[in-house]
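Residue-level structure breakdown
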Amino acid sequence: MFKHKQLRQVVIQPALHLLDAYSVDAEELLIATCAIESDGGTYLVQTGLGSAKGIFQMEPITHDDLWSRFLKNNPLLKNRLLITCGYQSPPRAETLVTNLLYASMMAYVLYMSRSPHHFPAQNDINAVWIHYKKYWNTYLGKTTKEKFLNAYYHFVGGHVS
């Protein structure tokens, strides 16, 4: 059973298309991020200490910073996000928990804000790991390559090579 198919088809692909940003590379990066961050959407709020929200476990401070810095300076992307989600103004970070399309769009925005020129090739999981670690989890994060690969393959099927 491949648990990722509905999330891809019903949430991530439409979110990327609504932003006019679809690519298989962006899709795979978001699937991998969801797999490691929330066990494929199992956890919608961070357990234990921490305040991360949604299937991508984005910190509220990161969410708010994307709106106040990156999206403020990217009016086309900002307006597309607001219009497609039906918002008049930037929503609160708690919306990441209840609106999967919005959470997916914001995950894309985070990656765009940190690495605007490329996404790793979807068929190179090692490159996906490196990109995730550098731009999402960062050197301060606790995720290891082994944990990342195990979460990814558990979610999409297959096995760690």
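That block above? That's the structure.
First things first, this report covers the structure right here in the doc. (Residues numbered from 1 in each chain as written. Predicted model: local features only at pLDDT ≥ 70, side-chain atom pairs only at ≥ 80, totals over all residues. Heavy atoms only, no water.)

1. Topic: the pattern of salt bridges
Under the defined criterion, the tally for this structure stands at 4 salt bridges. For Arg8, the salt bridge goes to Glu27, with nearest N and O atoms at 2.8 Å. In this pair, Arg8 is assigned in helix H1 (residues 5-18) and Glu27 in helix H2 (residues 24-38), connecting sequence segments 19 residues apart. Take Arg8: its relative accessible area is 10%, and that puts it in the buried class. (Salt bridge = Lys/Arg side-chain N within 4 Å of Asp/Glu carboxyl O. Helix = DSSP H or I, 4+ residues; strand = E, 2+ residues; numbered from the N terminus. Buried < 20%, exposed > 50% of the residue type's maximum accessible area, 1.4 Å probe, protein only.)

2. Some details on the packing of helix H4 (residues 75-85) against helix H6 (residues 100-114)
Two elements in contact, H4 and H6, have axes separated by 11 Å at closest approach and are oriented at 170°. Taken together, the axis directions place H4 and H6 in an arrangement best described as roughly antiparallel. Residues Leu77, Leu81, Thr84 and Cys85 of H4 lie in contact with H6, whose contacting residues are Tyr102, Met105, Met106 and Val109. Its residues assigned to classes, the contact of H4 with H6 comprises 7 nonpolar, 1 polar and no charged. (Axes fitted to C-alpha atoms, helices over the stretch in contact; angles between N-to-C directions. Parallel < 35°, antiparallel > 145°, perpendicular 65-115°, else oblique. Contact = heavy atoms within 4.5 Å. Nonpolar A, V, L, I, M, F, W, Y, C, P; charged D, E, K, R; others polar.)

3. Focus: the packing of helix H7 (residues 125-137) against helix H8 (residues 145-156)
One way to put it is that H7 packs onto H8 with a least axis distance of 11 Å and a crossing angle of 120°. Here H8 runs oblique to H7, going by the angle between their axes. H8 is crossed by H7, and the crossing has right-handed handedness. Contacts between H7 and H8 pair Ile125, Asn126, Val128, Trp129 and Tyr132 from the former with Lys145, Phe148, Leu149, Tyr152 and Tyr153 from the latter. Looking at side-chain class alone, the contact of H7 with H8 contains 8 nonpolar, 1 polar and 1 charged residues. (Left-handed = near helix turned anticlockwise from the far one by under 90°.)

4. Overview of the nonpolar core
Counting residues in hydrophobic clusters, the biggest one holds 52 residues, and the most contacted among them are Phe56, Leu81, Met106, Tyr108 and Phe148. Contributing elements (two or more residues each) for this core: H1, H2, helix H3 (60-70), H4, H6, H7 and H8. The dominant element in this core, judged by the number of residues it contributes, is H6, at 10 residues. Apart from the residues within four sequence positions on either side, Leu81 is in contact with Leu19, Trp67, Leu71, Tyr102, Met105, Met106 and Val109. (Core = buried A, V, L, I, M, F, W, Y, C linked by side-chain atoms within 4.5 Å.)

5. Focus on H6
With 15 residues, H6 should reach 21 Å at 1.5 Å per residue; the first-to-last C-alpha distance of 21 Å fits that figure. With 11 of 15 residues buried, H6 lies mostly within the body of the structure. Against H1, H2, H3, H4, helix H5 (95-98) and H7 lie the buried residues of H6. Measuring from the side-chain oxygen of the N-cap residue of H6 to the backbone nitrogen of Leu101 gives 3.2 Å; that N-cap residue is Asn99. (Expected span 1.5 Å × (residues − 1). Polar contact = N/O pair within 3.5 Å; in protein donor to acceptor, adjacent residues only side chain to side chain.)

6. Digging into the environment of Val128
In this fold, Val128 is placed in helix H7. Taking the relative accessible area as the measure of exposure, Val128 reaches 1% and is therefore buried. Remark: the alpha-carbon pair of Val128 and Phe148, spanning 20 residues in sequence, is separated by 9.9 Å. Those residues within four positions of Val128 in sequence are excluded, and the remaining contacts are Leu29, Ala32, Pro120, Ala121 and Phe148.

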